[in-house]
Amino acid sequence: MREIESKIITDTIAEMCIEANHYLTPDMEKALDDAVSNEISPLGKQVLCQLKENLSIAGSDTIPICQDTGMAVVFAEIGQDVHITGGTLTDAINEGVHKGYTEGFLRKSVVGDPLERVNTGDNTPAVIHYDIVPGDGLKLTLAPKGFGSENMSRIFMLKPAEGIEGVKNAVLTAVNDAGPNACPPMVVGVGIGGTFEKAAILSKKALLRPAGEHSDISYVRELEEELLERINKTGIGPGGLGGRVTAMAVNVLTYPTHIAGLPVAINICCHVNRHSVRNL
Ligand code: SF4
C-alpha cells in the first residue's frame, strides 16, 4: 500500500488553482489561434484577438484570465492501493482550494448555503468527484468553472424514440438559448446515457478532453463534428457579437442507460475552459 501525505495533496491543489486561473492548456490556446484564423467577421476576429491578448497578459502579469475564477471542480482518480495519511482526501483538497484562492488572490465566488448566500470567504468547498481505479497513483484534475456558462447548461430526459435527432436538437437548443450569456466561443460538453446525474457528470468530464480530440466511437465522432458545424452556423459568434466561431469544440461522452430513457446533459463552458492535471 503506497502512502501519500495529505499535505502534498493540499499544496498540489493550491498550485493547480493558481495555474488553472492564469494559463490555459496548449489545446485551448491552439483552439483560440484556430478560431482567429477561421473567423471571417471583422468584429468577431477583433473579439478573438482581444481574448488572446487578455490570455497573454494573464500569463505574463499573473492576473486571472477572468474575474470569475470559478467554483473549484475536482476529479480525483484514486488508486485502490493508495492510503492518504495525515487527514482525509476531502479535507486535503478543500485546504488546497483555500490556500490557492487565498494566496493567489483569486476571487472568492462560493456561498455556503444556496439560499442564505453568505460567502464562505475562501472559495471552499470544492465540488469533488471520486473514482477508485487500479494501481497506487492519485490523479487530480482541477477545473475552475465560471457560472456565466454553467448557468446556461441543461439536462433533457428524452424518450428513447427521439434518438440521435433528439440529442442534436437538445444540444442546439441549449447553445441557442445560451447565446452570448455563455461568453462564446464555447466548448460544449455533452453526456448521453446513464441516469439523470450520470449524464450531468459525463457532460462535465467531456469538457476535460483536449479541444480537437474526438471520441474513439465512430458515430460519436461524427456527431461531434456535425454538432460543431451546426453550432458554428448559428451566427452567435465570438462574444455573441456575430460570426462564424460560436464553439471551438463539442466533446461527447456516452454511457449505458435504461431501456426507457435517453438522458442528455449539455455542460457549456466559455472560452476560459480551464483545467490543471497532476499525477501524484
Ligand atoms: S463564463 Fe467564463 S468568460 Fe464568462 S465570466 Fe464566467 S468564467 Fe469568465
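Shown above is the structure to which this text applies.
Here the structure is a predicted model, which is why all the values come from computation and not from measurement.

The rules we used
- Residues numbered from 1 in each chain as written.
- Predicted model: local features only at pLDDT ≥ 70, side-chain atom pairs only at ≥ 80, totals over all residues.
- Heavy atoms only, no water.
- Helix = DSSP H or I, 4+ residues; strand = E, 2+ residues; numbered from the N terminus.
- Expected span 1.5 Å × (residues − 1).
- Buried < 20%, exposed > 50% of the residue type's maximum accessible area, 1.4 Å probe, protein only.
- Phe/Tyr/Trp six-rings, centres within 6.5 Å; stacked < 30°, edge-to-face > 60°.
- Lys NZ or Arg CZ within 6 Å of the ring centre and 35° of its normal.
- Pairing = 2+ DSSP bridges.
- Axes fitted to C-alpha atoms, helices over the stretch in contact; angles between N-to-C directions.
- Contact = heavy atoms within 4.5 Å.

## Examining helix α6 (residues 163-178)
Line of reasoning, step 1. With 16 residues, α6 should cover 22 Å at 1.5 Å per step; its first-to-last C-alpha distance of 23 Å lies within 8% of that length.
Line of reasoning, step 2. Listed in full, the buried residues belonging to α6 are Gly-166, Val-167, Lys-168, Ala-170, Val-171, Leu-172, Ala-174, Val-175 and Ala-178.
Line of reasoning, step 3. Count one or two residues on from α6 and you reach Gly-179, which has phi positive near 50°.

## Digging into the packing of aromatic side chains
Line of reasoning, step 1. A full pass over the atoms with the stated rule returns zero aromatic pairs.
Line of reasoning, step 2. Stacked on the ring of Tyr-255, the Lys or Arg Lys-198 has its end atom at 4.4 Å from the ring centre.

## Description of the sheet that holds strand β9 (residues 262-269)
Line of reasoning, step 1. Read from one edge of the open sheet, four strands run β6-β9-β7-β8, paired in mixed fashion. Either end of the sheet is taken by a strand with one partner, and the two such strands are β6 (154-158) and β8 (247-257). Between one strand axis and the next, the sheet turns through 15° on average, direction left out of account.
Line of reasoning, step 2. The sheet contact formed by β6 and β9 spans five bridges and is antiparallel. Note that in β9 the partner of Met-157 across the bridge is Pro-263.
Line of reasoning, step 3. Sheet strands touched by helix α7 (residues 196-206): β6, β7 (186-194), β8 and β9. Its angle to β7, the strand with the most contacts, is close to 145°.

## Considerations on helix α2 (residues 26-38)
Line of reasoning, step 1. Between its terminal C-alpha atoms α2 stretches 18 Å, which fits the 18 Å expected from 13 residues at 1.5 Å a residue.
Line of reasoning, step 2. Burial in α2 covers these residues: Asp-27, Met-28, Ala-31, Leu-32, Ala-35 and Val-36.
Line of reasoning, step 3. Turning to α2, the residues buried within the fold contact α3 (42-61), β7 and β8.

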